[in-house]
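# An overview of the molecular structure
Residue-level listing of the chains:
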Amino acid sequence: MRRERCGVLVRCGVVLLLLLTGCGEDFKVQPAQQAPPPPPPPSAEELANQGMQRLQILSVIPKNLPLQMVLSDEARQKLIQDLLAWKSSVSKEKNGSEAVSRLMAQLEDRLRAARDDQNPALTLLLCDLLEALGSTTTRIDVSREWAKVYNNRPVVVIKGWFQQMDTPNEEIYAFCEVYLPETGEVHTVQVREGDEFYGMLFVQIIGKNRGMRLRYLATNDTFEVYGPRPF
């Protein structure tokens, strides 16, 4: 009986040993899974592009209107503050300093193009943005001086015409509204050929009361304004 019990125990032990041997892989301790490496920091180009996205209005500043008629002083200040917020944010990034330099280089290229395109409003705005970013290029002062003169050219809107029949030459008068960008004032005038008003000379009537040819005396440039034709 003892021998039979011993035999049973031996056989059970062998079976248990085989089971443990066969399942050994299942009992191995798996190593802890490593966390994925952190993503690389944004590149200077990516950060600079983010800054430029805040300045999309630069693409729609017209060349024939003063900046004051496109953006109010409050809107200009908000644009500058948004840009400064971007600068403060990217300064914490690894490539932040280079990103600011890249954006300034892009804005300097745009400033050069705006000056070549004779767009004083855009030129003024770019000067403000570059100055806010801390640019030290001498182009800012030179460009701003030019742009102020051209940006302050009065805006003339022809409201109507009047021909005075009892005069020797039956003189024709233009009734106009004149907007002064430098002060924001609007004035109503009645002028004829040869008259000077608000820094402009009424050079000539275009066609049969189609418009006015004016000379801006600050720059001696001539420009044309068209309006209603009552007769």
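Everything quoted here is computed from the prediction, not taken from an experiment. (Residues numbered from 1 in each chain as written. Predicted model: local features only at pLDDT ≥ 70, side-chain atom pairs only at ≥ 80, totals over all residues. Heavy atoms only, no water.)

### Examining the overall build of the protein chain
Formally: Strands here are runs of E lasting at least two residues and helices are runs of H or I lasting at least four, both read from the DSSP assignment and numbered beginning at the N terminus. Whether a residue is buried, partly exposed or exposed follows from its accessible area with a 1.4 Å probe, protein chains only, as a fraction of its type maximum: under 20%, in between, or over 50%, in that order. Two residues qualify as a contact provided that any one of their heavy atoms is within 4.5 Å of a heavy atom in the partner residue. Each accessible area is a Shrake-Rupley result for a 1.4 Å probe, and residues are judged covered by the shown protein chains and nothing else.
A tally of regular secondary structure across the protein chain gives 6 helices and 7 strands. The N-to-C order of helical and strand elements in the protein chain reads α-α-α-α-α-α-β-β-β-β-β-β-β. Taken across its 231 residues, the protein chain has 32% of its residues classed as buried. Considering only contacts within the protein chain whose residues lie at least 6 apart along the sequence, 49% involve residues at least 24 apart. Carbon and sulfur atoms form 52% of the exposed surface of the protein chain, whose accessible area is close to 14,900 Å².

### Some remarks on the packing of aromatic side chains
The cut-off we apply is this: Classification of ring pairs uses Phe, Tyr and Trp, with its six-membered ring standing for Trp, and accepts pairs whose centres are within 6.5 Å; under 30 degrees between planes counts as stacked, over 60 as edge-to-face, and the remaining range as tilted. Sitting over a ring, as applied to charges here, requires NZ of Lys or CZ of Arg to be within 6 Å of the ring centre and within 35 degrees of the ring normal.
This model, assessed by the stated rule, comprises 2 aromatic pairs. Note on W146 and Y150: the rings are 5.0 Å apart at their centroids and 35° apart in plane angle, and the pair reads as tilted. With W146 and Y150 both in helix α6 (residues 139-151), this residue pair falls 4 residues apart, about one helical turn. Taking the relative accessible area as the measure of exposure, W146 reaches 12% and is therefore buried. On the basis of relative accessibility, which here comes to 24%, the residue Y150 falls in the partly exposed class. For R115, the ring lying beneath its charged end belongs to W146, and the centroid distance is 4.1 Å. Sitting over the ring of F223, R153 keeps its end group 3.7 Å from the ring centre.

### Comments concerning the confidence of the model for the protein chain
Filter applied, for reference: Here pLDDT means the predictor's own confidence in every residue, given as a number from 0 to 100.
Averaged over all residues, the pLDDT of the protein chain is 88; the fraction at 70 or higher stands at 84%. This model gives residues 12-20 a pLDDT under 50, and the stretch forms 0 contacts once residues within four places in sequence are excluded.

### Some details on unusual backbone geometry
If you check the backbone angles, Y198 has positive phi at about 50° while not being a glycine. Looking at where Y198 falls in the secondary structure, it is placed in the loop between β4 (196-197) and β5 (200-206). Positive phi values are uncommon outside glycine, yet N209 reaches one of about 60°. Looking at the element boundaries, N209 is found in the loop between β5 and β6 (211-216). Given a relative accessible area of 2%, N209 falls into the buried group.

### As for the sheet that holds strand β1 (residues 155-163)
Rule in force here: Only strands joined by at least two bridges in the DSSP assignment are considered to pair. All axes are obtained by fitting lines to C-alpha atoms, using only the stretch in contact for helices, and the reported angles, taken between N-to-C directions, cover 0 to 180 degrees.
Taken in spatial order, the 3 strands make up an open sheet running β1-β2-β3, and their pairing is antiparallel. This sheet does not close on itself; its edge strands, each paired only once, are β1 and β3 (185-191). Pairs of neighbouring strands in the sheet enclose a mean axial angle of 15°, with direction left out of account. Direction of pairing for strand β2 (residues 172-180) relative to β3: antiparallel, over a ladder of 7 bridges.

### A look at the nonpolar core
Definition in use: Here, nonpolar core refers to any group of buried Ala, Val, Leu, Ile, Met, Phe, Trp, Tyr and Cys residues whose side-chain atoms link them within 4.5 Å.
Counting 32 residues, the largest nonpolar core has L55, L58, W86, L107, L125 and L129 as its most contacted members. With 9 residues, the single largest contributor to this core is helix α5 (residues 120-133). When sequence neighbours within four positions are dropped, the list of residues in contact with L125 reads L58, I61, L67, L71 and L79. Formed by 18 residues, the second largest nonpolar core is a distinct cluster that contains V191, F197, F202 and M212.

### Digging into the packing of helix α4 (residues 96-116) against α5
Where we set the bar: Note that the term roughly parallel is reserved for angles under 35 degrees, roughly antiparallel for angles over 145, roughly perpendicular for angles of 65 to 115, and oblique for everything else. Left-handed describes a crossing whose near helix is turned anticlockwise from the far helix through less than a right angle; right-handed describes the clockwise counterpart. Gly is put with the polar residues, along with every residue not named as nonpolar or charged; the nonpolar set is Ala, Val, Leu, Ile, Met, Phe, Trp, Tyr, Cys and Pro, and the charged set is Asp, Glu, Lys and Arg.
The N-to-C vectors of α4 and α5 enclose an angle of 160°; their axes lie 9 Å apart at closest approach. Taken together, the axis directions place α4 and α5 in an arrangement best described as roughly antiparallel. Where α4 crosses over α5, the two elements pack in a sense that is left-handed. Where α4 abuts α5, its residues L103, M104, L107, E108, R110, L111, A114 and R115 lie against L122, T123, L126, C127, L129, L130 and L133. Of the residues belonging to the contact of α4 with α5, the class tally is 11 nonpolar, 1 polar and 3 charged.

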